[in-house]
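Summary of the model geometry
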Amino acid sequence: MNNTTDYFKIDDLLTEEHLIIRQSVKDFVDKEIMPVIDECAHEHRDIPNLMQKLGAIGALGPYIPTEYGGAGLDQISYGIIMQELERGDSAVRSAASVQSSLVMYPIYSYGSEEQKQKFLPKLASGEFIGSFGLTEPNHGSNPGGMETRLSKDGDNYRLNGAKMWITNAPVCNIAVVWAKDDEGKIRGIIVEREMEGFSTPETHNKWSLRASKTGELVFDNILIKQENILPGIQSLRGPLSCLNSARYGISWGVIGAAIDCYETALKYSLERTQFGKPIASYQLQQKKLAEFITEITKAQLLVWRLGTLKNEDKATPEQISMAKRNNVKMALDIARESRQIIGAMGIIGDFPNMRHAANLESVITYEGTHDIHLLITGADVTGINAFV
Ligand code: TGC
Ligand code: FAD
């Protein structure tokens, strides 16, 4: 019997440091997340002090240099951390990936030295929670059409507009917001909680990512000084480069959710007896389990190779799109199918499969929908852009 989830000995491709990081994040998730996640998701509330706890284990900005409070780790370490966090819940990985890739990364890549010193250490420790505002009510897949405006006002600027579906909006201290200036160029702005005209209404009634807060960012003529504008970027390339990093993390993260579903279903199928035999002895159930571990293994190899390319700064956005698309669908399919193995028990919170499946319905939509990533691959292989 070989019931490992390291079926192709991919651990042999990892360093001693990678394995230590994985074990320590696994221990954190087992101790801090697993005991509370079902209740938090049921009650639609955050995991207590999650950001400070993630900061304490180095999960916020793992690849940001240590001089700015990050952990200075490589891209495979970042992926491994995301995988272990999402084994607990996509909301936990979401919190870490928004903070790391969508808030710290743009400040680190495009911010002034003052902005880096002011914000990065507080974001790395979890003292500050950040959010990322790209999506708008009328512009989801097509962020280039954004209506939020940054208009010149004497020596300063005014910010008007609204963002929607924003992870951690209701609880953020700062938001990295993308808006068009008077020349139509896309600028990155650091909006601070206490700025007059800034509000963040919460989005209620979610059936997915229930242990994570989602909301709007509303800008009512907010006064923005030059010191809050990222000087290093004036194009859609800015937010899309952040998405490359977050999508990469997701392509690792969802493997964690898939592994949790697979392990739960495998154990249940060996223990549950029907017609006098464990259900694991029936071919239909074995087919499902065999396919789960096959798909998990393929996904693991894909992200290991992608992480290696990313460490060498050779990963293309199109490769990242392919990995995000493939791995999220893989995890969602496993979550849905594995829930069936658990029968009626699978619909209650004692088992994680339905919670993961519901979460993954968001993951397959955010950071570029399943269709959009397919079109990115389609454009790459044909040279023809099908978006427009
Ligand atoms: P297009 O004309 O192709 O490009 C505009 C400029 O951007 C550059 N570019 C990229 N740069 C870096 N990385 C990428 N992946 C890039 N893709 C394009 C491009 O070179 C160009 O640069 P420049 O310098 O010439 O101006 O843009 P388009 O308007 O046709 O749109 C392309 C498209 C559809 C692929 C893109 O807009 C897209 O990916 N749409 C999906 C939107 C999306 O993913 N939104 C995510 C919002 S954030 C979120 O969901 C967070 S969830 C967080 C959580 O809780 O975990
Ligand atoms: P639409 O763009 O309206 O798409 C609807 C459907 O049309 C999709 O199936 C799509 O694939 C399809 N479609 C669109 N265009 C095309 C085309 N050209 N060809 C073929 N099919 C097409 N955004 C942020 O900026 N920051 C966040 O922190 C954030 N967090 C999120 C958290 C959650 C829980 C969720 C659910 C979303 C979050 N988002 C965030 C928003 C997310 O990125 C968008 O929902 C996503 O980009 C899709 O946009 P949309 O929902 O407007 O769908």
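Predicted, not measured: the structure shown is a model, and the values here were computed from it.

Some remarks on the site of ligand 1
- Neighbouring ligand 1 are 24 residues, the closest being Ser94, Gly144, Thr167, Pro317 and Gly368.
- Elements with a contribution of two residues or more to the shell around ligand 1: helix H4 (90-110), helix H6 (237-271) and helix H10 (370-382).
- Examining the composition of the shell around ligand 1, we find that five residues originate from one element, H6, more than from any other.
- Across the shell around ligand 1, the residue classes tally to twelve nonpolar, ten polar and two charged.

Quick notes on the environment of Leu270
- Turning to its location among the elements, Leu270 is positioned in helix H6.
- In this structure Leu270 comes out as partly exposed when scored by C-beta crowding, with 16 C-beta atoms within 10 Å.
- Between the alpha carbons of Leu270 and Ala280 there is a distance of 5.2 Å; along the sequence they are ten residues apart.
- Those residues within four positions of Leu270 in sequence are excluded, and the remaining contacts are Pro278 and Ala280.

Here we look at the nonpolar core
- Formed by 106 residues in total, the largest nonpolar core has its most connected members in Ala258, Ala331 and Leu360.
- Sorting elements by how many residues they give to this core places H6 first, with 16 residues.
- The contacts of Ala258, once residues within four sequence positions are left out, are Ile296, Met330, Ala331 and Ile334.

Some details on the UniProt feature "domain: Acyl-CoA oxidase/dehydrogenase middle" (unreviewed entry) in the protein chain
- Mapped onto this numbering, the UniProt entry annotates "domain: Acyl-CoA oxidase/dehydrogenase middle" (unreviewed entry) at residues 131-221.
- Secondary structure content for residues 131-221 is 0% helix and 48% strand, and the end C-alpha separation is 19 Å.

Remarks on unusual backbone geometry
- Backbone geometry at Asn205 places phi at a positive 70°, although glycine is not the residue there.
- Among the secondary structure elements, Asn205 is positioned in the loop between strand S6 (198-199) and strand S7 (214-224).
- Phi is positive for Phe275, which is not a glycine, with a value near 55°.
- With respect to the helices, strands and loops of the structure, Phe275 is situated in the loop between strand S8 (273-274) and strand S9 (277-278).

Considerations on the UniProt feature "domain: Acyl-CoA dehydrogenase/oxidase N-terminal" (unreviewed entry) in the protein chain
- In the numbering adopted here, UniProt assigns the feature "domain: Acyl-CoA dehydrogenase/oxidase N-terminal" (unreviewed entry) to residues 15-127.
- The span residues 15-127 is 73% helical and 0% strand by assignment, and the distance between its end C-alpha atoms comes to 31 Å.

Details of the packing of H4 against helix H5 (residues 113-125)
- Following both chains from N to C, one finds H4 and H5 inclined at 160°, their axes separated by 9 Å at the closest point. As the angle between them shows, H4 and H5 are arranged roughly antiparallel. Note that H4 runs across H5; the crossing there is left-handed. On H5, the residues touching Gln99, Val103, Met104, Ile107 and Tyr108 of H4 are Gln115, Lys116, Phe119, Leu120, Leu123 and Ala124.
- By residue class, the composition of the contact of H4 with H5 is eight nonpolar, two polar and one charged.

Considering the pairing of strand S4 (residues 174-180)
- In terms of residue burial, S4 counts as a mostly covered element, since six of its seven residues are buried.
- Note: strand S1 (residues 130-133) against S4, four bridges, orientation parallel. Across the sheet, the residue bridging to Gly133 is Val177, located in S4.
- As defined by bridge partners, S4 adjoins strand S5 (residues 186-192) across seven bridges and the pair is classed as antiparallel. Bridging across to S5, Ile174 finds its partner in Glu192.
- Between the end of S4 and the start of S5, which pair antiparallel, lie five residues, with Gly184 showing a positive phi angle near 85°.

Observations concerning the site of ligand 2
- Taken together, 20 residues surround ligand 2, and among them Leu134, Thr135, Gly140, Ser141 and Asp371 come closest.
- Of all the elements in the fold, those that place two or more residues in the shell around ligand 2 are S1, strand S3 (156-167) and H10.
- Residues that form the shell around ligand 2 fall into these classes: ten nonpolar, nine polar and one charged.

Calculation notes
- Throughout, residues of each chain are indexed from 1 in the direction in which the sequence is written.
- Following the order in which they are written, the chains are lettered starting with A and the ligands numbered starting with 1.
- Where local features are concerned, this predicted model is filtered to residues with pLDDT of at least 70; where side-chain atom pairs are given and counted, the filter is 80 or more; whole-chain, interface and lining totals use all residues.
- Placing a C-beta atom from the backbone of each residue, we mark the residue near a molecule or strand if the atom is within 6 Å of it.
- Strands are runs of DSSP state E lasting at least 2 residues, helices are runs of H or I lasting at least 4, and numbering of each runs from the N terminus.
- In this classification, Asp, Glu, Lys and Arg are treated as charged, Ala, Val, Leu, Ile, Met, Phe, Trp, Tyr, Cys and Pro as nonpolar, and every other residue, Gly included, as polar.
- With C-beta atoms placed from the backbone, a residue counts as buried when 20 or more other C-beta atoms lie within 10 Å of its own, as exposed when 12 or fewer do, and as partly exposed for counts between those limits.
- Remark: residues whose backbone-derived C-beta atoms lie within 7 Å of one another are considered to be in contact.
- What makes a nonpolar core is a set of buried Ala, Val, Leu, Ile, Met, Phe, Trp, Tyr and Cys residues, with links drawn between C-beta atoms within 7 Å.
- UniProt positions are given in the numbering used here, feature names are shortened, and annotations may be inferred rather than shown by experiment.
- To obtain each axis, a line is fitted to C-alpha atoms, and for helices this fit is confined to the stretch in contact; angles are then taken between N-to-C directions over 0 to 180 degrees.
- The cut-offs work like this: below 35 degrees is roughly parallel, past 145 is roughly antiparallel, 65 to 115 is roughly perpendicular, and the gaps in between are oblique.
- By convention, the crossing between two helices is left-handed when the near helix turns anticlockwise from the far helix through less than a right angle, and right-handed when the turn is clockwise.
- Between any two strands, at least two bridges found by DSSP are needed for them to pair.

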